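The chain contents come next:
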Amino acid sequence: MRAVVRVLLMPTDLPLPTVGAGADPAPRTVRLGGRRYDVHVHDLGLACCAMEFVAAAQGEGLDRLGVLETSEGPERADVLVVSGTITDAMAPGVQEVYDRMPGPRYVLSFGACSNSGGPYWDSYCVTKGVDQLVPVDVYVPGCPPRPEALLHGLARLHRQIAAEHA
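Residues numbered from 1 in each chain as written. Predicted model: local features only at pLDDT ≥ 70, side-chain atom pairs only at ≥ 80, totals over all residues. Heavy atoms only, no water.

Put simply, the test is: UniProt positions are given in the numbering used here, feature names are shortened, and annotations may be inferred rather than shown by experiment.
Under an unreviewed UniProt entry, the name given to the protein is NADH dehydrogenase subunit B, and the source organism is Marihabitans asiaticum. Recorded under Sequence similarities (unreviewed entry), the UniProt text for the protein is reproduced unchanged: "Belongs to the complex I 20 kDa subunit family."

**Section: the pairing of strand E5 (residues 79-83)**
What counts, and what does not: Under the scheme applied here, a residue whose accessible area is under 20% of the maximum for its type counts as buried, over 50% as exposed, and between as partly exposed, the area being computed with a 1.4 Å probe on protein chains only. Strands are runs of DSSP state E lasting at least two residues, helices are runs of H or I lasting at least four, and both sets are numbered from the N terminus onward. The criterion for strand pairing is that DSSP finds at least two bridges linking the strands in question.
Most of E5 is tucked away, with five of its five residues classed as buried. Every second residue of E5 is oriented toward a common face, with Val79, Val81 and Ser83 on one face and Leu80 and Val82 on the other, all of them buried. Pairing analysis gives five bridges linking E5 to strand E6 (residues 106-110), with the strands arranged parallel. When the sheet's bridge partners are listed, Ser83 is paired in E6 with Phe110.

**A short note on helix H1 (residues 49-57)**
For the record, the criterion: To obtain the arc, one takes the directions from the helix axis to the C-beta atoms.
Residues of H1 that are buried: Cys49, Ala50, Phe53 and Ala56. Taken end-on, H1 shows its buried residues confined to a sector of 115°, consistent with a single buried face.

**Quick word on the pairing of E6**
Most of E6 is tucked away: five of the five residues are buried. Because side chains alternate across E6, one face comprises the buried residues Tyr106, Leu108 and Phe110, and the other comprises Val107 and Ser109, equally buried. The sheet contact formed by E6 and strand E7 (residues 138-140) spans three bridges and is parallel. Each residue of the ladder has a partner; that of Leu108, found in E7, is Val138.

**Topic: unusual backbone geometry**
Along the chain, Gly103 connects to Pro104 via a cis peptide bond; the corresponding omega equals -10°. Following the sequence through the fold, Pro104 ends up in the loop between helix H2 (91-100) and E6. With omega at -15°, the peptide bond leading from Cys143 into Pro144 counts as cis. Inspection of the secondary structure puts Pro144 in the loop between E7 and helix H4 (147-164).

**Topic: the environment of Leu157**
Our working definition: In this analysis, two residues are considered to be in contact whenever any of their non-hydrogen atoms come within 4.5 Å of each other.
Tracing the backbone through its elements, the reader meets Leu157 in helix H4. For the pair Leu157 and Tyr106, spaced 51 residues apart in the sequence, the C-alpha separation amounts to 8.4 Å. When sequence neighbours within four positions are dropped, the list of residues in contact with Leu157 reads Val79, Tyr106, Asp137 and Val138.

Shown next as structure tokens:
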């Protein structure tokens, strides 16, 4: 008996990620009201996509984008990266982390589970995407997305922030 494999390709407006030489660099900093504004990221890693966040944060990945990973908690963060499956029991915690962030605040949804529930979308206990809880500014597709996709999503968000305040 022969196995049949079906592949579903999801259309997306995100180009393939580019990093390193030849890539369009994101602005190192953003200026808001004449002052320098560095982007501080708080990762809310909930599942396997969190490992890809760690891989992207190694070396100079985030530094090249002018993005600083903060371990000081959400009170110091500008961007919340939600990576992984959100269960209905965890939803109040996600909302609380978002509420503790100062404004302006941004959310990057990283991976299929955070975007829509992923392969667990039909489970009775899975939230069907972080946008059911908080507003999302950038979605990064994949299961799991590559580390370069996170860098691309953060660069896109960085340019979006710069354009809002230009």
